[in-house]
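Summary of structural features
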Amino acid sequence: MTAGKNSDDIYNFEDVMNVLNYEYKDYTGEEKQCICPACGGKNCYINFRKNIGKCYGSRKSTCSMKWNPTLFYSYVMGVDTKEAYKQLVEYKEGNLVLGNKRIKPKASKPITEYEEVLPIADDFTLHCVYSELKRILPLTKRDLKDLMARGFSKNEINYFGYKSYTGRYQLETATALQKKELSLKNIPGFFESENGWEMKHLKPGFFMFIRNERNQIVGAQIRKHDEVLRKDEKKCNWFSSPGEHNGSKRSAVCHFSTDFYYDLHKNEYVPYFPDRVVYFTEGPLKGDIIHLIEKIPVIALPGTSSYKSFIKLFPLLKTLGVKKIINYFDMDYITNANVKKHSDLLEHAIKDSGFEYERPTWETHIPESTKLLKGRDDYDMYHYRHVVPR
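Report on the accompanying structure. (Residues numbered from 1 in each chain as written. Predicted model: local features only at pLDDT ≥ 70, side-chain atom pairs only at ≥ 80, totals over all residues. Heavy atoms only, no water.)

**Observations concerning unusual backbone geometry**
To keep it simple, the criterion reads: Strands are runs of DSSP state E lasting at least two residues, helices are runs of H or I lasting at least four, and both sets are numbered from the N terminus onward.
At N215, a residue that is not glycine, the phi angle is positive and equals roughly 65°. By the secondary structure assignment, N215 is in the loop between strand 11 (205-211) and strand 12 (217-224). In the Ramachandran plot, R276 falls in the positive-phi region, its phi being about 60° despite a non-glycine side chain. Position of R276 among the secondary structure elements: in the loop between strand 16 (268-271) and strand 17 (277-282).

**Re the pattern of salt bridges**
To be explicit about the condition: By definition here, a salt bridge exists when the distance from a side-chain nitrogen of Lys or Arg to a carboxyl oxygen of Asp or Glu is within 4 Å.
Scanning all chains against the criterion turns up 22 salt bridges. Across the pair E132 and R135 runs a salt bridge, and its minimum N-O distance is 2.7 Å. Of the two residues, E132 and R135 both sit in helix 5 (residues 123-136), three residues apart, roughly one turn of that helix. Here R385 ties to E156 by a salt bridge, and the two come within 2.7 Å at their closest N and O atoms. With R385 in helix 13 (residues 376-385) and E156 in helix 7 (residues 154-160), this pair connects stretches of sequence that are 229 residues apart. Among the charged side chains, a network of salt bridges with common partners joins R142, D143, D146, R150, E227 and R390.

**Digging into the side chain of S343**
Inclusion rule: Under the scheme applied here, a residue whose accessible area is under 20% of the maximum for its type counts as buried, over 50% as exposed, and between as partly exposed, the area being computed with a 1.4 Å probe on protein chains only. Only heavy atoms matter for contacts: two residues are in contact if any of them lie within 4.5 Å across the pair.
Mapped onto the elements of the fold, S343 is located in helix 12 (residues 337-352). For S343, a relative accessible area of 3% translates into the label buried. With sequence-adjacent residues up to four places away left out, S343 is seen in contact with N327, F329 and Y357.

**Focus on the environment of V298**
Inspection of the secondary structure assignment puts V298 in strand 18 (residues 298-301). Residue classification places V298 among the buried residues on the basis of a relative accessible area of 0%. In sequence terms V298 and K145 are 153 residues apart; their C-alpha atoms lie 25 Å from each other. Not counting residues within four places of it along the chain, the set of residues in contact with V298 comprises H255, F256, S257, T258, Y279, T281, G287, I290 and H291.

**Side note on the packing of aromatic side chains**
Let me state the cut-off plainly: Put simply, two rings from Phe, Tyr or Trp (the six-membered ring, in Trp's case) pair if the centres are within 6.5 Å, and we call them stacked under 30 degrees between planes, edge-to-face over 60, tilted for the rest. Two thresholds decide whether a charge sits over a ring: the Lys NZ or Arg CZ must be within 6 Å of the ring centre and within 35 degrees of the ring normal.
Tallying each qualifying case throughout the model produces 25 aromatic pairs. Consider the rings of F207 and F209, whose centres lie 5.3 Å apart with planes at 15°: the pair is stacked. The exposure class assigned to F207 is buried, which follows from its relative accessible area of 0%. Taken together, a centroid distance of 5.1 Å and an interplanar angle of 90° make the contact between F207 and F239 edge-to-face. Highlighted residues: F207 in strand 11 and F239 in the loop between strand 13 (236-238) and strand 14 (255-257), separated in sequence by 32 residues. Directly above the ring of Y56 sits K234, whose terminal nitrogen or CZ lies 3.9 Å from the centroid.

**As for the sheet that holds strand 1 (residues 24-26)**
Let me state the cut-off plainly: At least two bridges found by DSSP between two strands is the condition for calling them paired.
Spatial strand order, 1-2-3-4-5: five strands in an open sheet with antiparallel pairing. Each of the sheet's edge strands pairs with one partner strand only, and the pair in question is strand 1 and strand 5 (66-67). As judged from the two bridges shared by strand 4 (residues 52-55) and strand 5, these two strands associate in the antiparallel manner. Counterpart to K54 in the pairing with strand 5 is K66.

**Topic: the pairing of strand 2 (residues 31-34)**
Here strand 1 runs beside strand 2; their pairing, made up of three bridges, is antiparallel. By the bridge assignment for strand 2, D26 is matched with K32. As paired strands, strand 2 and strand 3 (residues 44-47) are joined by four bridges and run antiparallel to one another. Bridged to E31 within strand 3 is N47.

That is the geometry; function is a separate question.
Below you can see the structure in the form of structure tokens.
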């Protein structure tokens, strides 16, 4: 048996999937999606280049299991990690016998052959590309109807800039951007194929463009159409292209659903926080709705588990005079352990940073439906526009 090496130098996650004959599907070029051996949920993602994995659980089961190849194998096979290491090395050497049958090793792709993720462009460059992308993309009748059913007017939909991602014309769209002399290198969502630069192929939905504290568009999420979602699948994806040739990844970043004013001294836009108060929630669509209805400044986290992206903004909020931060996470924090965990972590971080903290509650039940007003966005649309949650 080979000794004196790190396990990553001997076998990788692709080897583990091969020897286990474990089913998975492509999520991005380097990332795969599979059933979690720990909780049985479908939101387990394995990165073949980084040789790591993580499960994000589901509504019915919370899970944050982090995987390496040896641990994953040990869970599936029901052996300890020492025995898992031994068997995987034997597999690579062609000596593994399971159930009186010798397991022939399959060729796997070395980790070094997976595409490196390019660094992301600066915020101004991202803003230039995504602003033009927003301008040229269509909004289909299907998505217009969807957004209006959520309570938006046509003018409001246009104001927020929601556009459709149809999963078509990826090459033509990229070409149109390049004709505007915009480089797509280091822009998440784009990659270089044998035909030239093109958009990442993802499930259809509508774009929600993410704005930073300077009112610049620095990313986009796609709210996938309900009819293409599998059970327990995430509703939103980042418009990102890690694992593709010359592709880039959009790391978690918060969305500013606020009014802005132009600071002549700084020569840039600045978010406006009347009364020195800011609210936070999860998801850009929720943030836009709450800001629209209540006329309050909202910072929307990409998700409850991305709380660190909000904590990074605390120094900025202090310089802008914010004294109080109000938690508008969904009301299911009472029953959802994952939401409560991150809500509690943020409460401690907010108080430790010297801000005042408040967690309002609201009535979730409505007489004409079994649907609950879990989100503050649902509550606002129901009470102010009589829209029943879908």
